[in-house]
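Each chain, written out:
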Amino acid sequence: MRNSLIRSGYGPIGIKVILAIFLLLACGMSVYSQCAGQNNSVTICNKFDDISNRNFDLFANLNGMPLPGGSWSTPNPTNLSALDINTGIVDLWMVNRFGEHQFIYTNGNCGESATVTLFLGGYSGEDNVDGSANACSEDSAVNLFSFLGSLVDDVVPDFNGFWEEDPMTQTGFLSGNLFNAEAAGPGEYIFTYTVPAVDACPGMQSTVFLEVHLAPNSGTPSNLVVCTTDDLSGYTNLDLNNLLTNEDPNGVWSEMGTNQIDDFLDHFVNVEEINATHGFGSYGFTYTVQPSHPVCPESSTDVFIIILPTLNGSLESENYCSGTPYEITLNYDPSLLPSGQYEIEYRVGSTEGDWDGSTNISLVNGTGTFNVDPLAVPINEMVQVNIIAIEGMQQVVCGDIGVLETEFLVSNSIASGVNVCPNNEVTINLENILDPMANPTNEIHTINYTLTIPDNSIVDLSEQNVVFSNGSASFDIPSEHLNQSGTYSLEIIVENSFEIDCTINTGFEILPIPEEIDLDIAVDNNCDATSIDVLVNAPTLPNGSYTIEYFVVEQNTQSTLTDNTINFVGGVAVYGIDIANLPDGDYIVVLKSTQNDSTPCRLQFEFELQEGFSIGGQPIVLEAEEQQSFCLNEGVPTLEDIDVNTTGPIAFYPTIDSQEALPINTPLEEGEDYYVVSSDENNNCASEERTRVQVSFYAAGIPTTIDPFPIYCASDEVTLAGLDIATPNGGDIVWYDATSGGNILDSTEILVDGQSYFAAEQLDGFCESDTRLEIAPVIIQPPLPDLLSDVLLVCALDNPTVAELINLENAIGAEVEWFNVAEGGTAIPSYGPLEDDTIYYAQSYDPDTGCINKNRVPVTVDLNNCDPEKYGFFIPDAFSPNNDGRNDTYYIPNIEIIFPDFTLEIFNRYGNSLFKGNSSKPAWDGTGPSGKTVPNGVYFYLINFNRDGYDPKQGRLYLNR
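Residues numbered from 1 in each chain as written. Predicted model: local features only at pLDDT ≥ 70, side-chain atom pairs only at ≥ 80, totals over all residues. Heavy atoms only, no water.

## Quick look at the overall build of the chain
We apply this condition: Only DSSP runs of H or I covering at least 4 residues are called helices, and only runs of E covering at least 2 are called strands; the numbering of each starts at the N terminus. We compute the radius of gyration from the C-alpha atoms alone; for a globule the expected value is 2.2 Å times N to the 0.38, where N is the number of residues. Residue burial is assigned from relative accessible area. The probe radius is 1.4 Å, only protein chains are included, and a residue is buried under 20% of its type maximum, exposed over 50%, and partly exposed in between. Between two residues, a contact is recorded if the distance between any of their heavy atoms is within 4.5 Å. Surface accessibility in these figures is a Shrake-Rupley result with a 1.4 Å probe; residues are shielded only by whichever protein chains are displayed.
From N to C terminus, the chain includes six helices and 64 strands. Compactness check: the chain gives a C-alpha radius of gyration of 58 Å against a globular reference of 30 Å for 961 residues, more than 25% above the reference. Counting only C-alpha atoms, the chain reaches 190 × 90 × 65 Å along its principal axes. Across the 961 residues of the chain, 41% fall into the buried class. Pairs at least 24 apart in sequence give 65% of the contacts found in the chain among residues at least 6 apart. Carbon and sulfur atoms provide 48% of the accessible area of the chain, an area that totals close to 51,000 Å².

## So, the sheet that holds strand β9 (residues 162–165)
Strand pairing in a sheet relies on backbone hydrogen bonds, with the paired strands running either antiparallel or parallel. The test is simple: A pair of strands is considered paired only if DSSP assigns at least 2 bridges between the two. A fitted line through C-alpha atoms represents every axis, and for helices the fit uses only the stretch in contact; the resulting angles, taken between N-to-C directions, go from 0 to 180 degrees.
One open sheet holds the four strands; their spatial order is β7-β13-β12-β9, and the pairing between them is mixed. The open sheet has two edge strands, β7 (134–136) and β9, and neither has a second partner. Each strand of the sheet is rotated relative to its neighbour by a mean of 35°, with strand direction disregarded. As paired elements, β9 and strand β12 (residues 187–195) share four bridges and run antiparallel to each other. Paired with Glu165 across the two strands is Phe191, which belongs to β12.

## Regarding the environment of Glu670
The criterion, for reference: What qualifies as a polar contact is a pair of N or O atoms within 3.5 Å, subject to a donor-acceptor requirement within protein and to the restriction that residues adjacent in sequence count only when both atoms come from side chains.
Tracing the sequence through the fold places Glu670 in the loop between β46 (650–653) and β47 (673–678). Residues Glu670 and Gln694, spaced 24 residues apart in sequence, show a C-alpha to C-alpha distance of 8.5 Å. For Glu670, the residues in contact, after removing those within four places along its chain, are Val695, Ser696 and Phe697. Within polar-contact distance, the side chain of Glu670 engages the backbone nitrogen of Phe697 at 2.7 Å.

## Observations concerning the confidence of the model for the chain
To keep it simple, the criterion reads: Each residue carries a pLDDT score, the predictor's own confidence in it, on a scale running from 0 to 100.
On average, residues of the chain score 89 in pLDDT, and 96% of them are at 70 or above. Below a pLDDT of 50 lies the segment residues 1–32, which in the model reaches 15 contacts outside its immediate sequence neighbourhood of four places, other chains included.

## A short note on unusual backbone geometry
If you check the backbone angles, Asn684 has positive phi at about 60° while not being a glycine. For Asn684, the position within the fold is in the loop between β47 and β48 (691–698). Among the residues examined, Asn684 registers a relative accessible area of 30% and is labelled partly exposed. Phi is positive for Asn883, close to 60°, though the residue is something other than glycine. With respect to the secondary-structure elements, Asn883 resides in the loop between β60 (878–879) and α6 (895–898).

## Some remarks on the environment of Thr106
The topology assignment puts Thr106 in strand β5 (residues 99–107). A polar contact of 2.9 Å, which involves the side chain of Thr106, links it to the side chain of Ser113.

## Section: the state of the cysteines
Put plainly, a disulfide is one covalent bond tying together the sulfur atoms of two cysteines. Which entries qualify depends on this criterion: When the sulfur atoms of two cysteines come within 2.5 Å, that pair is taken as a disulfide.
The tally for this structure, following the rule as stated, stands at eight disulfides. Put simply, Cys45 and Cys201 are joined by a disulfide, and their sulfur atoms are 2.2 Å apart. Disulfide Cys45 to Cys201: torsion about the S-S bond roughly -90°, handedness left-handed. Here the residue Cys45 occupies a position in the loop between β1 (40–44) and α2 (51–54), and Cys201 occupies one in the loop between β12 and β13 (204–213), the gap between them amounting to 156 residues. Given the relative accessible area of 1%, Cys201 is considered buried.

## Quick look at the nonpolar core
Note the threshold: In these notes, a set of buried Ala, Val, Leu, Ile, Met, Phe, Trp, Tyr and Cys residues joined through side-chain atoms within 4.5 Å is what counts as a nonpolar core.
Grouped together as the largest cluster of nonpolar side chains are 26 residues, with contacts concentrated most on Phe370, Val372 and Phe408. Of all elements in the fold, only β24 (327–332), β25 (340–350), β26 (353–363), β28 (382–392) and β30 (406–411) reach the threshold of two or more residues within this core. Look past the residues within four positions of Phe408 in its chain and what remains in contact with it is Ser317, Glu318, Asn319, Tyr320, Tyr326, Ile328, Val377, Glu381, Met382, Val383 and Val385.

## So, the sheet that holds strand β62 (residues 913–917)
In spatial order, the strands read β60-β64-β63-β61-β62; together these five strands make up an open sheet with mixed pairing. Both edges of this open sheet fall to β60 and β62, since each of them pairs with a single strand only.

## Topic: helix α4 (residues 271–278)
Short version of the rule: As used here, the arc is the angular range of directions from the helix axis to the C-beta atoms.
Those residues of α4 that sit buried are Val271, Ile274 and Asn275. For α4, the arc enclosing every buried residue in end-on projection is 95°, short of the 170-degree limit, so these residues lie on one face. Structural note: α4 exposes Ala276 and Thr277 on the side pointing more than 90 degrees away from its buried face. Here the buried face of α4 lies against β15 (224–227), β16 (238–239), β19 (268–269), β20 (281–289) and β21 (299–308). Between the side-chain oxygen of the N-cap and the backbone nitrogen of Glu272 there are 3.1 Å, and the N-cap of α4 in question is Asn270.

## Looking at a negative patch on the surface
Cut-off, in case you're wondering: A patch is a set of surface residues, each over 30% in relative accessible area and not in a salt bridge, joined within 9 Å for like charges and within 5 Å for the nonpolar side chains Val, Leu, Ile, Met, Phe, Trp and Tyr. Any Lys or Arg side-chain nitrogen located within 4 Å of an Asp or Glu carboxyl oxygen qualifies as a salt bridge. Positive charges come from Lys and Arg, negative ones from Asp and Glu, while His and the chain ends are left out of the count. Working definition for charges: the position is that of NZ of Lys, CZ of Arg, CG of Asp or CD of Glu.
Together, Asp524, Asp528, Asp533 and Asp584 give the surface a local cluster of negative charge. Its place among the elements puts Asp524 in the loop between β38 (518–523) and β39 (532–538). Residue classification places Asp524 among the partly exposed positions, given a relative accessible area of 41%.

## A closer look at the pattern of salt bridges
Evaluated as defined, the whole model comprises eight salt bridges. Among the salt bridges present, the one from Asp158 reaches Lys47, with a minimum N-O distance of 3.3 Å. Of this pair, Asp158 sits in the loop between β8 (142–143) and β9 while Lys47 sits in the loop between β1 and α2; the two residues are 111 residues apart in sequence, bridging distant segments of the chain. Lys47 carries the same exposure label as Asp158, and that label is buried. Where Asp154 meets Arg54, a salt bridge forms, and the shortest distance between an N and an O atom there is 2.8 Å. Placement of Asp154 in the loop between β8 and β9 and of Arg54 in helix α2 is noted, with a sequence separation of 100 residues between them.

## Comments concerning the packing of aromatic side chains
Note on aromatic pairs: each is described by the distance of the centres and the angle between the planes. Cut-off, in case you're wondering: Pairing of aromatic rings covers Phe, Tyr and the six-membered ring of Trp, with a centre-to-centre limit of 6.5 Å; geometry is then stacked below 30 degrees between planes, edge-to-face above 60, and tilted otherwise. Any Lys NZ or Arg CZ found within 6 Å of a ring centre and within 35 degrees of that ring's normal is scored as a charge over the ring.
The full count for this structure, using the stated rule, is 31 aromatic pairs. For the pair Phe879 and Trp924, a centre-to-centre distance of 5.4 Å together with 50° between the ring planes defines the contact as tilted. Highlighted residues: Phe879 in strand β60 and Trp924 in the loop between β62 and β63 (937–944), separated in sequence by 45 residues. By relative accessible area, which is 4% here, Phe879 ends up buried. Counting every residue linked through ring pairs, the aromatic cluster contains Phe879, Tyr890, Trp924, Tyr939 and Tyr941. Looking at Arg690, its charged tip hangs above the ring of Tyr653, at a distance of 3.8 Å from the centre.

As structure tokens, then:
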């Protein structure tokens, strides 16, 4: 129940009666009865009207007869700061919330409590419509309470009202008392703050006109990163503004350390000078933009010119022996790179491909060393080592590395010898010997070697004119130096070979020489034998004996007809074999000798001889073409190359009746006659007649050409058959992919740039020239155009031409033409106008040869990339549709070009839509949807630009006829 004595309805007499009754009752009660008083409710509509309302006495507003000495409390902790708990005085100016508030008085003497309930009317603060409410567009949480209040100290609006946006400036970016000015953007906005009615107290509303000012924008930075060794002549007048995007134009640059900024108007620096004066490092420059209104703070952006240190220098190495560390020395310019710890990546190049490795290196005062992984280095091959990357442990290093490569070789030269008997030559085999160019040598070298004899004496020897093939050769140690049995060792030096700090060593054994054994069979006539003798000459064996066996075998039946065995320790013997009673046929006489000792240098301990003979036998038939041809390009032919068809061994004679056969390796001579005889391998019976063979030679020559380096266009797809080649003997041309050996190529194969082709003359289908003509055609294939982008975004307002496409071109080793078709067509001149949404094609050509690259690179042209600020884009705020030829429509200049997807909508003050426009209908003529003319006055527009980076914009316009 809300009551106060004044508002209860009783007159002065009634009050006295009540007091009397109260006193009578009190006399009959305990002195502490109702010592806390009774509950009461009080409504205060405007707590600021009377200063007495500020210090409100709660105790005086208790009903009943409260006794002092108690204390006050409140269930609302937000009111504690306003309440004096001892006196019951509450500062209502500090109770900043309308509505019901309870305060409880408790008297501990009687243990009773009473409550005073206050119903406070609301206060919404004073209107702020005079332009003093300002915010910055970068503020995402503008506290609207900061714009309300009064001129009286401590008078503040209640906090528990509610804020609303005026429909005329509705944004949707208000949350409670916080307005997101960053999302709404610059402009004017209207807000109302409302506190509702409380009991008999009416509600209250205040208005704030807030102006959001555009925050200064110092731009988005993009640092310039260069290397200290770069050609910085293009940066002697660097405009720092080019390192910013979207910045306001009225800023000022400042810096510390380089003295490049002279005054507040200066925005150019000389990067080349900074590098020359200060070297590598990071140099900062600050761009500061002042706000257009003090509500916004100034904006600053830092950009950095970063000059990276660079590794420049060279690598040094030696040639190493297999199994030793492969240490590389890096010498570098310490003025371009500080000392410190680095991780480098290196590349080892060989015929096996590239091998990449990494290692840590300590660089101090211009030098450092590292070891190459042995797994990366093939043996006996020159390898190249490059530094391909470096990363500092403490700082970033330029990726451009200017280190000269080094090359080295790991050698694994090998020598070997065989054990022989005394006074015999020893053949020493050499492998993996390299020429001065580090290739397996195919040259003639002198070999110097030191021979250590078993008695430790030393002989220095030399072998002249040793021919090597693919790194291998052999030479013989003369027998006169090998007359002692025992171990010999050699140290070998190959003159004019690849220099390396390795010694070629080998050794061998000279074995003792045993006495010889000699066996022989003597047949008087192999075709019709009449007598056979067995001859034995054997050294005496001190610890062993010989077993000599001889017998005659009939070849068809393999039956043994005569057999005899002799045992003895050595000596000379002749044994005759009786064959007088043998019938006609083919026979074999076999002589065997075995011994049971183990003399080291004797190579054979079991000897067997056999001789075929016949009684009443006939020689075998021999067939051979009388005229035979040979190819001299395959080497000098010998008797062994003559084609003979026979079943037995053959022998060649220089004449029809000569008795001494020619060695089978005798070289053939052009036009010479040779006579061949074949014998029966079963009985050695030879024919009495000889077959004549006459030989002739072919010699294919080297093909010729007037131009070994012909030039063709890749687009012509020239084949091997199209090459201009002549043969000296009129033979056929055979093509290969190597100077020797290799694969045969089809004459229809299309030529490839940088590839050599090898032509040989072929005669009679088999004889080819041993030396081939190398043709290395140059196939001109201009590089593809290198373009900065496959899309060209320009503005149609600039009347762009093909020159804009030309600006996309990066420099290549060719010229570029532009077409508007993918194939064929005519090149478009640089002044040719561009068409929107059209694909243009870049084609490269070689100006010297006229060769083109048939592959064209497409670029799509978009003419709608217009920067509003560059073209003075603005939104008019008025127009006069009076048909006077001026401003008769509301039209935003060039909006359909700059924002081709825009939409425009016009509203009246009641929010009704009057006009909707776009690129096809950009202008409003001042009529409504029904076509009727609208009256003069203020209207509102809403523009959706529909382009990234551009928020919708709303505003006012004035129509005046």
